[in-house]
Structure formats: C-alpha cells, structure tokens
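# A structural walkthrough
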Amino acid sequence: MKFLKDNTIVDIMEAKPNDAEELLKFLKTVGSESNYLLLDENGLDATVEQEQEYIRKANASITTKHFLAKTNGKIIGNCGINGSDRKKIKHNVNLGISILKEYWDKGLGTILLEHVVNYARITGKIKNIYLEVREDNLYAIKLYEKIGFKRIAMIPDKLYVNGKYHNELMYMLQIN
C-alpha cells in the first residue's frame, strides 16, 4: 500500500489475466488523454483474449512484467518492462508508463517507477532499463531524471502528432 500526495491509497500489483478487459479500457482512456504516449484513443490493437495471453506470458517471465496501480480496485496507472529471452540482450528491458490524467502530479509516477526499478534490482538479471520520451514532455523527463535515468540519445522526428513531427529522447538506467 502506498499513498499519493493527496493521501489516496494506491496498491501496486502485477497484472493478472482477469485484469485484461479493464486494462484495455484504461489504455484507451490514457491514449485519449495525452499526446505524449504512443497510444491514442484506440488503445491497443488487441482482444481481451490476446491481452490475457500476453499477461500470462509476462507473469511467467523475469524480464517482462506489467504492474498496475489501483485505487478502490480501479486501474489508475500502468508501468511495465518488456525484455527478451535472447541470450545476448536478455539483460536489457524497455519501460513504458501511463497514468490517468486525474492522477497526474500526485506522485504516482514516482511510485510506479521506483517499484519497477526495485523489481529489476531484485531479479539480478536486468542490467539496463531503457525508455523513450517525447522531447517536449518536460514533466516526464524531470521524473525520469529524478529516478536516475540518463539521457543517451535523441531520435529526430520519431513521432508525428497533430500535423507536427516530434523528437524523442532515449534514456537509460543501469541497475547495479
């Protein structure tokens, strides 16, 4: 159990297959609330059954995990890492995070990121966490840097949103 800045109680847990339907709805909502995500109002192109299978595989993996933030049983945030079982790169994971707009600026991003970073440390298998963030998403960049992520690259014109190209920055956190 964690507390947001406004004292809302939040539980962080690993996604379960029975979360799939609500998670897909959540992803549509967050996709419609922010132009900073790769998602849009259509969410993921997945059925409930496909999402359930993806969650089952993530639960069986060490380097792919999806954690949910819930308050009163409702998903309000999602943070996950995606890795590979390929021998040469299995020590690397990519991170993604999304939070309902109603819960922005309440400390939930910090809670989710710290949870995932702690998980990565505990595994003893994950060495590098990578993420990409739109160059003008200053709030997210400040959060990632606070957690310890370091900027390692800029990808020009990676995203095309509302008739405009946007650069993305790549960040990395090395796990000791």
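In what follows, the accompanying structure is described. (Residues numbered from 1 in each chain as written. Predicted model: local features only at pLDDT ≥ 70, side-chain atom pairs only at ≥ 80, totals over all residues. Heavy atoms only, no water.)

## Looking at the sheet that holds strand β8 (residues 164-174)
Read from one edge of the open sheet, eight strands run β1-β2-β3-β4-β5-β6-β8-β7, paired in mixed fashion. Two strands bound the open sheet, and with one partner strand each, they are β1 (2-3) and β7 (150-161). Sheet analysis places β1 next to strand β2 (residues 9-14), joined by two bridges and oriented antiparallel. When the bridges of β2 are listed, Lys2 appears paired with Val10. Its contacts with the sheet place helix α1 (residues 20-33) against β3 (65-71), β4 (74-83) and β5 (92-99), and it is angled at close to 90° to β4. (Pairing = 2+ DSSP bridges. Helix = DSSP H or I, 4+ residues; strand = E, 2+ residues; numbered from the N terminus. Contact = heavy atoms within 4.5 Å. Axes fitted to C-alpha atoms, helices over the stretch in contact; angles between N-to-C directions.)

## Looking at the packing of aromatic side chains
Under the criterion given, the structure shown has three aromatic pairs. With a centroid separation of 4.6 Å and 55° between ring planes, the pair formed by Tyr160 and Tyr165 is classed as tilted. Among the residues examined, Tyr160 registers a relative accessible area of 52% and is labelled exposed. (Phe/Tyr/Trp six-rings, centres within 6.5 Å; stacked < 30°, edge-to-face > 60°. Buried < 20%, exposed > 50% of the residue type's maximum accessible area, 1.4 Å probe, protein only.)

## Overview of the pairing of strand β6 (residues 128-134)
The buried fraction of β6 amounts to five of the seven residues, a majority that puts the element mostly inside the structure. Inspection of the sheet shows β5 paired to β6 by three bridges, in the parallel sense. Across the sheet, residue Asn92 finds its bridge partner in β6, namely Asn128. Handedness of the β-α-β unit built from β5, helix α3 (residues 108-123) and β6 comes out right-handed. (Right-handed = clockwise from strand over helix to strand, strands pointing away.)

In short, geometric facts, not functional conclusions.
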